[in-house]
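# A look at the structure
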Amino acid sequence: MGIGNQPRGRMDPSELNDAIRELWTSERPLIFERIASLSAALSADGDLEPEARTEALRVCHMLAGSLGSYGFPEGTRLARQLEKGFQQTGFQYLDLLALTEALQSVVEGEPDLGREESTSSSNIQIPVLILDDDKAIRDLMSLQARARGFLPTTASTIEEGIEEAHRITPGAVILDFGFPGEESGGIEFLKAIDKFEDKPPVVMLTGQHDFVSRLTASRLGAIGFVQKPASPAVVLDLIAEAIDRRKSPGLQVLAVDDDADNLAAIKAILEHDDIRVSTLDSPLNFWRRLEEVQPDVILLDIAMPQVSGFDICRTVRSDSRWSSTPILFLSGRSDPDTITAAFEAGADDFISKPFERQELVARIRARAQRVQGLRRTASLDPLTGAVNRRAATELAEILIRQAIRNGGPLSVAITDIDKFKGINDSYGHAAGDRVLARLGGSLRAAFRADDVIARWGGDEFVVVTVGLDPVLVRKRIESAVDAVNVQAADSEQDDEPNISCSTGISAYPEGGDSLTTLIASADKRLYEVKSGRSRS
Amino acid sequence: MTSIRALIIDDDADILRIAQLSLERLAGWTVTAELSGGNAVNLAISKRVDVVILDVQMPELDGPTIFNMLRANPDTAGIPVVMLTASVQAADHERFVALGADGILVKPFDPTRLAGQIEEILDGLK
């Protein structure tokens, strides 16, 4: 797809990776020299002179900035740690020397280029520590973690695990509960990493253990428990979610109150806890704001002029798109009649003023998390990770209304896999499923989180994007399809089908101003592409 | 779509080479690469660049200084500037936003996605 019309001399991602590998071969001596200069600085007698320290910091900074692009994410991580180490006065000599040695051995290995495309890019460079005394489990988890773009490290004893945790500062930990001779060894490990500045999320693999140990573990920061035999997919999903949660800019709350002082206070409290807050002091603009903000939680005052909080709550509840968004009332009143009326109007929670800061934050988080968990499972297509048709329709309609309001460009693309039935027939349905799963994954990687990537049915995907030129949309879809073929070539399966796709794109306003009309004109384009192809 | 013209300034020649490969050969951009920022304003004007990509930590002129030079000249004040930083500190990123940078990219970047990331930033400015 599209390769024929690329200007001469243009590369595709795999050619680019080859070129970078070549560049690495010629630049390697220089990088080795830089690392050697660090060892030399460390081996000098006594503490570092200020100039030598500045120079070492500069070298670390450079290495951190470039090694990852050469395909050594682990090199970047080690260089960052070294940089941190050199910044401290009275640093631990031997630690830095060990880090430098580790860095040297990393760059002596093969660059890991091009694998990025076979995985979701968001997990790249995140080291995961797998701590289990059972080798089979370690291997299995490790394999799957690598396949999903993590950097797995394994350990078989608590002692070794603690050592590794200090060495690699893991972004997440998969932890066995019991170890031979140490029935609750997992707890010991959690205690050991409890002092970490950046405590990683921990998923525990449990056998039959009592409630109290689980409680202890979750107090020490374990975010999930999976019963053995644990499915690696389930465990890694939990980890990926936890990492996403940390990376995401946090919850979004819409607070409505006619008192600007109240709003300012709520905003200050919640933002202190990394919750984003949009405020609205006139309920009349509520719907417009709701669609702009797309909050995870709505906070409502009860007594407002024009429209009461109860009325807003009832209308939100009657709209299927928002019916599951948690609504919390904040009110100076706490009489039973008011509270009853709030719940009858559809409230999820009622908080009386004055409230405790911590309580407000905890209640908001608890409501949001529950709903997010439910929503994810209900609206995602399990095979491809794309949203299903029903959820996509709701999301797309919101985007279209926004585009109409802002006059912004919006594109709707329909992509289907050419001769997909033939793939199923000749390679088998399992291979067909793998193709679909890869295409779903690489489409999601190619677009932003705000874009809608949907499995529309069978082998048909729909992408709805705002603010992106249709030419770029097509380019991204093409690169996602290329990525699928690269992944197929890299996979452990011997005979994976290569695919091509056909895409029809329509844009607002030329192609229509509703999802139905936009889909219809994109479909028409798709049909033209397909019939053009079969004639030629 | 017309090709994007970019000026990239970084004191690490490796970064320039990788970025140039990625932006020119993969994305079809026209790239001017410089190891230092002394000529930044003149180059931005003469090459009629659509975007300037600036490393932050450089000897002599650092990224923020070059940024200010570009903004101080009416002929370059409107050109979007993306800061390219090896720092992952939120405080640093906040500083670049406060300075008025149009976007921040963290090194190391993924060469297969660099152009897309910058395009996204530019799209967001429209």
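Residues numbered from 1 in each chain as written. Chains lettered and ligands numbered in written order. Predicted model: local features only at pLDDT ≥ 70, side-chain atom pairs only at ≥ 80, totals over all residues. Heavy atoms only, no water.

## Describing the confidence of the model for chain A
All names here are of chain A. Predicted confidence across chain A gives a mean pLDDT of 82, with 90% of residues reaching 70 or more. Considering each helix and strand of chain A separately, the mean pLDDT is smallest for helix α8 (residues 211-219), with a value of 73, and largest for strand β11 (residues 410-417), with 95. Here residues 1-8 is a poorly scored stretch, pLDDT under 50, and it has 4 contacts once near neighbours within four places are set aside; other chains count. In the model, residues 115-122 has pLDDT below 50 throughout and makes 18 contacts with residues more than four positions away in sequence or in other chains. (pLDDT = per-residue confidence, 0-100. Helix = DSSP H or I, 4+ residues; strand = E, 2+ residues; numbered from the N terminus. Contact = heavy atoms within 4.5 Å.)

## Re helix α5 (residues 114-125) of chain B
With 12 residues, α5 of chain B should reach 16 Å at 1.5 Å per residue; the first-to-last C-alpha distance of 17 Å fits that figure. Where α5 of chain B is concerned, the buried positions are L114, A115, I118, E119, I121, L122 and D123 of chain B. In this fold, the buried residues of α5 of chain B make contact with α18 (470-490) of chain A together with α1 (13-26), β3 (51-55), β4 (81-85) and β5 (103-106) of chain B. (Expected span 1.5 Å × (residues − 1). Buried < 20%, exposed > 50% of the residue type's maximum accessible area, 1.4 Å probe, protein only.)

## Brief notes about the domain arrangement of chain A
All names here are of chain A. The domains assigned to chain A are domain 1 (13-108), domain 2 (119-247), domain 3 (252-364) and domain 4 (389-535). Relative placement of domain 3 and domain 4: their C-alpha centres are 37 Å apart. Taken residue by residue, the interface counts 7 residues in domain 3 and 5 residues in domain 4. Taken over both partners, the interface formed by domain 3 and domain 4 buries close to 630 Å², and the fraction arising from carbon and sulfur atoms is 44%. At the junction of domain 3 with domain 4, the criterion picks out 0 salt bridges. The interface formed by domain 3 and domain 4 includes 0 residue pairs in polar contact (both at pLDDT 80 or more). Its residues placed into classes, the side of domain 3 that touches domain 4 shows 1 nonpolar, 2 polar and 4 charged. (Domains from an automatic or database assignment. Buried area = accessible area lost by both parts, 1.4 Å probe. Salt bridge = Lys/Arg side-chain N within 4 Å of Asp/Glu carboxyl O. Polar contact = N/O pair within 3.5 Å; in protein donor to acceptor, adjacent residues only side chain to side chain. Nonpolar A, V, L, I, M, F, W, Y, C, P; charged D, E, K, R; others polar.)

## Some points on the packing of helix α2 (residues 50-67) of chain A against helix α3 (residues 73-87) of chain A
For any two helices packed against each other, one specifies the crossing angle of their axes together with the interaxial distance. All names here are of chain A. Remark: α2 packs on α3, axes separated minimally by 8 Å, with the N-to-C direction vectors making an angle of 160°. As far as their axial angle goes, α3 and α2 are roughly antiparallel. In terms of crossing hand, the pair formed by α2 and α3 is left-handed. Contact residues: α2 offers R53, A56, L57, C60, H61, L63, A64 and L67, while α3 offers G75, T76, A79, R80, L82, E83, F86 and Q87. Broken down by class, the residue content of the contact of α2 with α3 amounts to 9 nonpolar, 4 polar and 3 charged. (Axes fitted to C-alpha atoms, helices over the stretch in contact; angles between N-to-C directions. Parallel < 35°, antiparallel > 145°, perpendicular 65-115°, else oblique. Left-handed = near helix turned anticlockwise from the far one by under 90°.)

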